[in-house]
Amino acid sequence: MGLSTTRFGVFNPEKPHENRITDIGPRHFWEFFPPIIQRNYGKWLYHEILEPGVLVHVSETGEKVYTVRVGGMRTMSVAFVREICDIADKYCDGYVRFTTRNNIEFMVDSEEKLEALKKDLASRKFYSGSYKFPIGGTGCSVTNIVHTQGYVHCHTPATDASSVVKALMDELFEYFQSMTLPAKVRIALACCLNMCGAVHCSDIAMVGIHRKPPVIDTEYVAKLCEIPTVIASCPLGAISPATTPDGKKTVKIREDRCMFCGNCYTMCPALPIADKEGDGIAIVAGGKVSNRISPPKFSKVVVAYLPNNFPRFPEVCQTVKKILETYAKHARKYERLGDWVERIGWERFFELCELPFTYHLLDDYRLALDTYRTSTQFRFTEAAWEVSKAARGI
Amino acid sequence: MKAMFKPKVPQKEIKYEELRIYTDEELRNPTDEEMKNFKIKHDIPLLEQLESGPWPSYVADLKVEAWRRRRLADDRMMIPRDVVEDLLGQVELSFVHGETHWKHGGIVGVIGYGGGVIGRYSDLPDKFPGIAHFHTIRVNQPASKFYKTDFLRAICDLWEFRGSGILNLHGSTGDLVFLGTTTEQLEPIFQEMAHHLSQDLGGSGSNLRTPECCVGRARCEYACYDTQDVCYELTMHYQDELHRPAFPYKFKFKFSGCPNDCVASIARADLSVIGIWRDKIRIDQDAVRAYIKGDLIPNAGAHRGRDWGKFDIQKEVIDLCPTKCMRLEGEELYIDDENCVRCMHCINVMPRALRPGTDTGACILVGGKAPILEGAQLSMVLVPFMKLEPPYDNLKELIDKIWEIWMEEGKNRERLGELIQRMGLWRFLDAIGLPPAPQMVWHPRTNPYIFWKEEDVPGGFKRDINDYRSRHAR
Ligand code: HEM
Ligand code: HEM
Ligand code: HEM
Ligand code: HEM
Ligand code: SF4
Ligand code: SF4
Ligand code: SF4
Ligand code: SF4
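Residues numbered from 1 in each chain as written. Chains lettered and ligands numbered in written order. Predicted model: local features only at pLDDT ≥ 70, side-chain atom pairs only at ≥ 80, totals over all residues. Heavy atoms only, no water.

Per an unreviewed UniProt entry, chain A is named Dissimilatory-type sulfite reductase subunit beta, and its organism is Ammonifex thiophilus.

What follows is the structure, encoded as structure tokens:
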């Protein structure tokens, strides 16, 4: 039986509770494994990256599977997905895989098929000239940027997502298609502090931030929201109950306490926080997820604010590129960005990357004290002399 | 094939030719010429600047979809023809205004489920009627995201017919996400998928979110357990928790096969399951010698793009081992496995010489989350090692105990990690019946402000002041 072409399909709005199928979960994974993956499941011996974007995995059965990884747009049309299917049908017996970082992986079982597949992928372009299937993203490269919804679908963003990612990947394209970096570099973007794309453990990440307190839609607060819930939503207790001159219940916000997290807006649509001049992007850096050599660690804020300069965000792109290339130049082989910074010290990082160290970068939230340096061990940079001068120490 | 890898519910076989909605003619895509002459109904000069450049352009792609929708007959799509054009128009306007134009979500969903659908409405429905309703549907992805094209093509037809034709492969949590349909089409999409594709929705809201796993044993030699199978088994076992929110807040499981943690479970899961071994790293000394000689390429070729000089096993492997537990005697490599902390570095550098051990399982960590509200947390070690064999009852029992205490003690919108912080780790351990261990902390506490339990102290807390005064004058 085919998919229905009537307005409601198998659903009957007259009898909505009839004939329902629920709680069946996802399709089972095994049937989606290509036969070579099924045959060699759990038998892989080793793998090698043959060139950027091309992996070979070798099994104890002697079989080899070649994988071509291509950068994917996370948001895509069915027309594009059908083209992915055409390629998978032509070269991969109708199987394809997507990675956690929104890349697309085509797998073949011989070198001849591999060469044909690579050629085909590299030749496909949009009418505007962009690649459809750029090959890369393996090893010591900048792989695809994981990101969130932004203006395409979310109601709380402080910046867009897809446009920043497109602009930045255009800028860093050579690093996607090569493996010249000291270690892999993971870049991520979240368009607000909710961090759906929780970017807080990335080598470099962009986070949308607000800088103006919410504006109170006084007439509507009580109509649209439960006031006690709104008050409770603020992690800093900045919101308190208030009454309008004509006796309506509303809230007031202590602006000096607000850290612009937007949590109150999440709970109450009558407290919009987005604002063209207020909103923008913070850059965080030096985090990682893997346990390799050093434990996982959080990214740290290195630039407090850059403007939302649509559609190509030049300030953001230049800053990220500067950090990336400074790291590439100075880090040792195997050193992730955060490991490099820990070796050379944050003071040196700011000096090398030519980033100003501003008061915004000093923590004053929970556990802030843990970030203050309680030791005389540090390196001298220009910033230190500035303090010494200000204190008339020199 | 392992006999255990079987679906837990019957699944329809998927043949696109039997399921398809659109004809080949309807599926025709525009030529480059046609696209160059194509104008959408709104002016989008800012977005059009994103059509160029080497990285795939989502703007170009969305315009292709807009072209397709101009061409389809009225009865070949169940939501407005202009949905993609209006989306582009609204995003352009968001660039101009520097503010999103989506309203705060409304409560929509499908009968019997509390999650899986996220309501979305334009705040300019008169200007952009095609996206007046633009709800998202989260579709539970297959574990580790392999697909057959028959399934994907069927999904595409269904979604172009009943929705915008725009999707995320995949959303951040791992779901296949349908972006943009009307309230009316939610039930038809849900039940068409269930009836014809044996495919269910994923989670959203205060419930179990769609679990996710790495590629694991399907194509990775490091995997220490069957990540897909555990992911599938727990997804099926906890269908009720996934679809019917009853938790204080969201709860995420993520499964990585080894400490490389390719699904970033430690950073974004309330329960992170990371594969490890407890015996010895397997060493092939011939391959070690081959690496030393330069016959094998180190780091699996990941550094191919730059000349880093000749491979130096001392500098690149032995000296970088975090516990310095390796040594070379002649060309023989020795690992003091009792001191190996399984960081994966040496294995990553020499995958043909070194392999994880064979007595494998997983480390269970809890409490990871993004910053909202109390600040970001990484997951912390709860169970240093757990064997994982189907049907994974040990893991399920642990999860049930954790949920019991979280549902009892957790406040509204309090993630597990925040609850543990508020309760203190030992009270949490007490509640789930596990003893403490130094593996759970970086170091023991630095302050002696210990909350002694009354039963720990001989005689208890109740004392008689007169008894005290019998020894001490006032
Ligand atoms: C290792 C494989 C990685 C994958 C698959 C990946 C992909 C993703 C995805 C899809 C998310 C969305 C998170 C969510 O569902 O909530 C994410 C988040 C994150 N990524 Fe990555 N990323 C990876 C690696 C990294 C690396 C290497 C870092 C840091 C160096 C990193 C930092 C993060 C962090 C901290 C999150 C939080 C996750 C989140 O919630 O999004 N990721 N990552
Ligand atoms: C107060 C907290 C949060 C709120 C109000 C919130 C709200 C939302 C909303 C409205 C969406 C839908 C976006 C859309 O329209 O498609 C969404 C998506 C999502 N959220 Fe959250 N979120 C919160 C926190 C988080 C956190 C902390 C994480 C992860 C650690 C997270 C992970 C996700 C993911 C993975 C998605 C899917 C969207 C995507 O794939 O980009 N959320 N969230
Ligand atoms: C030589 C060392 C490593 C090897 C051989 C390796 C192996 C792999 C393999 C085979 C994949 C593909 C998995 C998939 O298809 O999803 C993969 C993906 C990934 N690995 Fe590792 N891994 C290594 C180290 C690491 C480390 C240290 C990290 C940590 C941060 C990491 C993060 C990732 C991420 C984020 C992905 C997903 C890539 C993507 O989706 O584009 N890997 N790794
Ligand atoms: C109930 C709690 C505590 C009590 C009663 C206490 C008491 C004392 C006393 C009596 C001294 C010796 C002072 C002197 O030289 O005359 C001392 C020194 C010290 N205490 Fe505490 N202390 C407490 C908690 C702490 C904590 C929590 C820390 C650190 C985290 C700490 C760190 C120190 C240090 C660093 C010294 C100086 C040691 C030295 O001179 O080498 N104390 N404390
Ligand atoms: S990060 Fe924030 S703005 Fe972006 S999709 Fe998630 S909740 Fe929405
Ligand atoms: S934005 Fe955050 S800190 Fe400011 S009032 Fe709202 S909840 Fe409180
Ligand atoms: S987490 Fe480990 S087992 Fe899983 S894909 Fe990554 S490297 Fe392989
Ligand atoms: S896995 Fe890490 S800790 Fe263990 S021997 Fe190798 S480098 Fe050392």
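The rest of the description comes next.
**A closer look at the site of ligand 2**
Counted only if it meets this: Being near a molecule or strand, for a residue, means having at least one of its heavy atoms within 4 Å of it. In the analysis that follows, any N or O atom pair within 3.5 Å is treated as a polar contact, provided that within protein one partner can donate a hydrogen and the other can accept it, and provided that, for residues neighboring in sequence, both atoms belong to side chains. The helix count covers DSSP runs of H or I at least four residues long, the strand count covers runs of E at least two residues long, and both are numbered beginning at the N terminus. Gly is placed with the polar residues, together with every amino acid not listed as nonpolar (Ala, Val, Leu, Ile, Met, Phe, Trp, Tyr, Cys and Pro) or charged (Asp, Glu, Lys and Arg).
Taken together, 24 residues lie around ligand 2, and His153(A), Cys196(A), Ser172(B), Thr173(B) and Lys250(B) are the ones closest in. One finds residues of chains A and B in close proximity to ligand 2. For ligand 2, an oxygen atom lies 2.7 Å from a polar atom in the side chain of Arg120(B). One of the side-chain nitrogen or oxygen atoms of Lys250(B) is found 2.7 Å away from a nitrogen atom of ligand 2. Listed by contribution, the elements that provide at least two residues to the shell around ligand 2 are helix H8 (263–267) of chain A together with strand S2 (136–139) of chain B. Among the residues making up the shell around ligand 2, the classes are represented as seven nonpolar, 11 polar and six charged.

**Considering the packing of helix H4 (residues 162–171) of chain A against helix H9 (residues 314–330) of chain A**
All names here are of chain A. What counts, and what does not: Axes here refer to lines fitted to C-alpha atoms; in helices the fit is confined to the stretch in contact. Angles between the N-to-C directions go from 0 to 180 degrees. Any angle that is under 35 degrees is reported as roughly parallel, and any over 145 degrees as roughly antiparallel; angles of 65 to 115 degrees are reported as roughly perpendicular and all others as oblique. For any helix crossing, the convention is left-handed if the near helix is rotated counterclockwise from the far helix by under a right angle, and right-handed if that rotation is clockwise. Residues are treated as being in contact if the distance between any of their heavy atoms lies within 4.5 Å.
Where H4 contacts H9, the two axes come as close as 10 Å, and the packing angle between them is 45 degrees. When the axes of H4 and H9 are compared, the pair comes out oblique. By crossing handedness, the relation of H4 to H9 is classed as right-handed. Counted together, Val164, Ala167, Leu168 and Glu171 of H4 and Val316, Cys317, Gln318, Val320 and Lys321 of H9 form the full contact between these two elements. When the residues that make up the contact of H4 with H9 are grouped by side-chain class, the tally is six nonpolar, one polar and two charged.

**Here's the deal with the nonpolar core**
Keep this limit in mind: The definition of a nonpolar core used throughout is a set of buried Ala, Val, Leu, Ile, Met, Phe, Trp, Tyr and Cys residues joined through side-chain atoms within 4.5 Å. Per-residue accessibility, obtained with a 1.4 Å probe over protein chains only, is compared with the maximum for each type, and a residue is labelled buried under 20%, exposed over 50%, and partly exposed between these values. Start and end points for every domain follow an automatic or database-based domain assignment.
Core analysis: the largest hydrophobic core is formed by 203 residues, its most contacted members being Phe106(A), Ile283(A) and Phe349(A). Among the elements that take part in this core, helix H2 (residues 78–91) of chain A stands out by supplying nine residues, more than any other. Viewed by domain, this core spans two of them, domain 1 (29–123) and domain 2 (161–211 + 276–391) of chain A, each represented by three or more residues. Every residue in contact with Phe106(A), bar those within four places of it in the chain, is listed here: Tyr66(A), Thr67(A), Val68(A), Val70(A), Ile84(A), Ile87(A), Ala88(A), Cys92(A), Val96(A), Leu117(A), Leu121(A) and Phe133(A). Counting residues in each nonpolar core, the second largest holds 29 residues, with Cys224(B), Ala287(B), Ala290(B) and Met344(B) among its members.

**Concerning the state of the cysteines**
Test applied: Note on disulfides: each one is a pair of cysteine sulfur atoms within 2.5 Å.
Overall, the coordinates contain one disulfide over all chains when judged by the stated rule. Each sulfur in the disulfide pair Cys225(A) and Cys268(A) lies 2.0 Å from the other. Residues Cys225(A) and Cys268(A) are joined by a disulfide whose S-S torsion is about 75 degrees; by sign, that bridge is right-handed. On the criterion of sequence distance, the pair formed by Cys225(A) in the loop between helix H6 (221–224) and helix H7 (227–233) and Cys268(A) in the loop between H8 and strand S11 (280–285) is long-range, its members being 43 residues apart. A disulfide-free cysteine, Cys156(B) has its sulfur positioned 5.8 Å from the sulfur of Cys85(A), the nearest such atom.

**Section: the site of ligand 7**
Every residue near ligand 7 is listed here: Cys214(B), Val215(B), Gly216(B), Cys220(B), Tyr222(B), Ala223(B), Ser256(B), Gly257(B), Cys258(B), Asn260(B), Asp261(B) and Cys262(B). Taken together, the residues of the shell around ligand 7 break down into seven nonpolar, four polar and one charged.

**Quick word on the domain arrangement of chain A**
Residue and element names in this part refer to chain A. Rules: Put simply, buried area is how much 1.4 Å-probe accessible surface two parts lose in total, over both of them, once they are put together. One speaks of a salt bridge when a side-chain nitrogen belonging to Lys or Arg is within 4 Å of a carboxyl oxygen belonging to Asp or Glu.
Assigned domains of chain A: these are domain 1 (29–123), domain 2 (161–211 + 276–391) and domain 3 (220–267). Taking only C-alpha atoms into account, the centre of domain 1 sits 33 Å from that of domain 2. Listed as interface residues are eight residues of domain 1 and, on the opposing side, seven residues of domain 2. Counting the surface lost from both domain 1 and domain 2, the interface buries some 490 Å², and carbon and sulfur atoms represent 64% of this. In terms of surface lost to domain 2, no three residues of domain 1 exceed Ile49, Pro52 and Arg101, which account for 73% of the buried area on that side. Counting every contact that joins domain 1 to domain 2 gives zero salt bridges.

**A few points about the environment of Asp336(B)**
Residue and element names in this part refer to chain B. The residue Asp336 is located in the loop between strand S11 (332–335) and helix H13 (345–349) in this model. For the pair formed by Asp336 and Lys63, sequence separation is 273 residues and the distance between their alpha carbons is 59 Å. Separated by 2.7 Å, the side chains of Asp336 and Asn339 make a polar contact.

**A short note on the interface of chain A and chain B**
Counting residues at the interface gives 142 residues for chain A and 162 residues for chain B. Carbon and sulfur atoms make up 60% of the surface buried where chain A meets chain B, a total of about 13,700 Å² over both sides. Considering only the side of chain A, the residues that lose the most area to chain B are Leu3(A), Arg27(A) and Tyr127(A), jointly responsible for 7% of the buried surface there. One can count 10 salt bridges joining chain A with chain B. Here Glu184(B) makes a salt bridge to Arg7(A), at a shortest N to O gap of 2.5 Å. Seen at the junction of chain A and chain B, the total is 95 residue pairs in polar contact (both at pLDDT 80 or more).

**Let's talk about unusual backbone geometry**
Most of the time, phi is negative for any residue but glycine, and the peptide bond is trans. Cis geometry is adopted by the peptide bond preceding Pro311(A), which originates at Phe310(A) and carries an omega value of -5 degrees. The omega angle of the peptide bond from Leu169(B) to His170(B) is 5 degrees, so this bond is cis rather than trans. Structurally, His170(B) is set in the loop between strand S4 (166–169) and strand S5 (176–179). Unusually for a residue other than glycine, Asp23(A) sits at a positive phi of about 55 degrees. Relative to the assigned elements, Asp23(A) resides in the segment before helix H1 (35–39).

**Considerations on a nonpolar patch on the surface**
What counts is decided by this rule: Patch building starts from residues that exceed 30% relative accessible area and form no salt bridge, then joins like charges within 9 Å and nonpolar side chains (Val, Leu, Ile, Met, Phe, Trp, Tyr) within 5 Å. Only the protein chains shown count as cover for residues, with accessible areas throughout obtained via the Shrake-Rupley method and a probe of 1.4 Å.
Together, Phe378(A), Phe380(A), Trp385(A) and Ile394(A) make up a nonpolar patch on the protein surface, roughly 430 Å² of accessible area in all. By the element assignment, Ile394(A) lies in the segment after helix H12 (382–390).

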